[in-house]
Structure formats: C-alpha cells, structure tokens
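Overview (structure and organization)
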Amino acid sequence: GFGTEMEKFQRRQIATIVKMCLSSVLRPGVVVVTGQSSDRVAMEGSILSEVEAFCGVGMDVVRVELRDEKDKEKVNGHQSQIRGGLFKAIDDFNNPNNNKENLGKQEGVLVIVCKVNETGQYMLRELLETNGDSRTHRYAIRKDRVLFVVTVDDNAELQEMTISRAHALIHCPKAPQVGAI
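Residues numbered from 1 in each chain as written. Predicted model: local features only at pLDDT ≥ 70, side-chain atom pairs only at ≥ 80, totals over all residues. Heavy atoms only, no water.

Assigned secondary structure in the protein consists of six helices and seven strands. In sequence order, the secondary structure elements of the protein are arranged as α-β-α-β-α-α-β-α-β-β-β-α-β. Within the protein, buried positions represent 44% of all 181 residues. Residue pairs in contact within the protein that sit at least 24 positions apart in sequence constitute 76% of those at least 6 positions apart. Of the roughly 9600 Å² that the protein leaves accessible, carbon and sulfur atoms contribute 53%. (Helix = DSSP H or I, 4+ residues; strand = E, 2+ residues; numbered from the N terminus. Buried < 20%, exposed > 50% of the residue type's maximum accessible area, 1.4 Å probe, protein only. Contact = heavy atoms within 4.5 Å. Areas by Shrake-Rupley, 256 points an atom, 1.4 Å probe, with all protein chains shown as cover.)

Taken together, five strands build an open sheet; the order of strands is β2-β3-β6-β1-β7 and the sheet is parallel. With partners counted over all chains shown, the strands left at the sheet margins are β2 (59-66) and β7 (168-172), one partner each. Each strand of the sheet is rotated relative to its neighbour by a mean of 20°, with strand direction disregarded. Its contacts with the sheet put helix α4 (residues 85-94) on β2, β3 (109-116) and β6 (146-152), and the angle it makes with β3 is roughly 165°. Where helix α5 (residues 118-128) meets the sheet, its contacts fall on β1 (29-35), β2, β3 and β6, and the angle it forms with β6 comes to roughly 160°. (Pairing = 2+ DSSP bridges. Axes fitted to C-alpha atoms, helices over the stretch in contact; angles between N-to-C directions.)

Below, the discussion takes up the pattern of salt bridges. Applying the stated criterion to the full structure yields 13 salt bridges. As a salt-bridge pair, E65 and R67 come within 2.5 Å of each other at their nearest N and O atoms. You can call E65 partly exposed: its relative accessible area is 39%. Across the pair D153 and R67 runs a salt bridge whose closest N-O atoms are separated by 2.6 Å. In this pair, D153 is assigned in the loop between β6 and α6 (160-165) and R67 in the loop between β2 and α3 (72-76), connecting sequence segments 86 residues apart. The class for D153 is buried, based on a relative accessible area of 10%. A relative accessible area of 27% means that R67 is categorised as partly exposed. Three or more residues joined by partner-sharing salt bridges are found here, namely R27, R142 and D144. (Salt bridge = Lys/Arg side-chain N within 4 Å of Asp/Glu carboxyl O.)

Let's shift gears to unusual backbone geometry. The linkage connecting R27 with the following residue, P28, adopts the cis geometry, with an omega of 5°. Phi is positive for S24, which is not a glycine, with a value near 60°. Locating S24 in the fold gives a position in the loop between α1 (2-22) and β1. The partly exposed category is assigned to S24, whose relative accessible area is 26%. Positive phi outside glycine occurs at R145, with the angle close to 55°. Tracing the chain through its elements places R145 in the loop between β5 (140-142) and β6.

Among the residues making up α5, those that are buried are G120, Q121, M123, L124, L127 and L128. An end-on view of α5 places all buried positions within 165° of arc, on one side of the element. For α5, the N-terminal cap is N117; the gap from its side-chain oxygen to the backbone nitrogen of T119 is 3.0 Å. (Arc of directions from axis to C-beta. Polar contact = N/O pair within 3.5 Å; in protein donor to acceptor, adjacent residues only side chain to side chain.)

Another aspect to go through is the pairing of β6. Within β6, seven of the seven residues are buried, which leaves the element mostly enclosed by the surrounding structure. The alternating pattern of β6 places V146, F148, V150 and V152 on one face and L147, V149 and T151 on the opposite face, and all of these are buried. Sheet topology places β1 next to β6; five bridges connect them, and they run parallel. When the sheet's bridge partners are listed, V33 is paired in β6 with T151. As judged from the seven bridges shared by β3 and β6, these two strands associate in the parallel manner. For K115, the partnering residue across the bridge sits in β6 and is T151.

This is how it looks when you write it as structure tokens:
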C-alpha cells in the first residue's frame, strides 16, 4: 500500500542521511519531523533504529526540549562554562582530546533529539547550519557525525530557517479518523 511505500522511502532517505553523517559529508545532518505528538514519537523511534542499524554501539543519543529563554543554557551551557549544553555533548563525542574513551567511537553517530517550538528552532539555528563548525564566543566545535532530529511541537509554526537547514522534512500525517464520513 501507499503507507509502506512512503515508509520505505523515508527509511531510505534517513539511511542516506545517516551514511552522509558517518562520512562527514553532512556536518551535521538535520531531519525535521512535524505532525501529531504520538506520530512524531513513533517516527523518532524509527529514525533511531535506522541509525542503530548502521552504528550499533557507536550511537549516542542526547534529548533536549527547547521551548523558552531559560532553555538557552541547554544549547550553549551556562555562561560560566566555557563549553556546556549541546556544545559540550557534541565536543565530547567528536573531540578525542577531550575524551579518550571516544577514540573507538569514530564510526558512530551522535543523535540529538530536540523537541522544539518556534523559540527552540531559533536557539538551534546556528547548530543546524551545515558548515561543520559552530562557535560560542569562546569555543568552536566540530559537528562531524552528528544528526539532529528536530521534532516540532503540534502547535508550533515550522520556521523558514529550520526548513532551509533540513536535509529531510518528514510530516507525520494525522491518522485517519475511524467512522468519519
């Protein structure tokens, strides 16, 4: 049926993005998921299993919710930290100088699942840019082997800046209403 063809297409699309993250063609990869909450959660699960199929133990997952000003620290860390928040998570994963255990993870992918509204999308804008590096005012990080899964709240507007940074936009359609004519 149509659903299975669509699902196959999405799986191939995600597999391609994961491969491109692994080979550092995309730094970072960005998948944006919209639609109803329960459908987004299911899609997030299938994206993670797709990544796991490629990376096995090399997959790390970080989850953040970014919805208002106070969540900014989850992105950049507290101003007293030179590196914190997602910057630290990405750097720990990518920078063998910071974390000797990571030497074995050169094959892995760090998946960052972000639940966002408009404000959260704005906070992420710089990290989502595919330029390979992001910097706070004092620190630069490499975004190799990083995949952002940005799931946009039901009631939030998908921002142009998010669309322009996305490598895949997956809209989870509303489930058909049973008995509705």
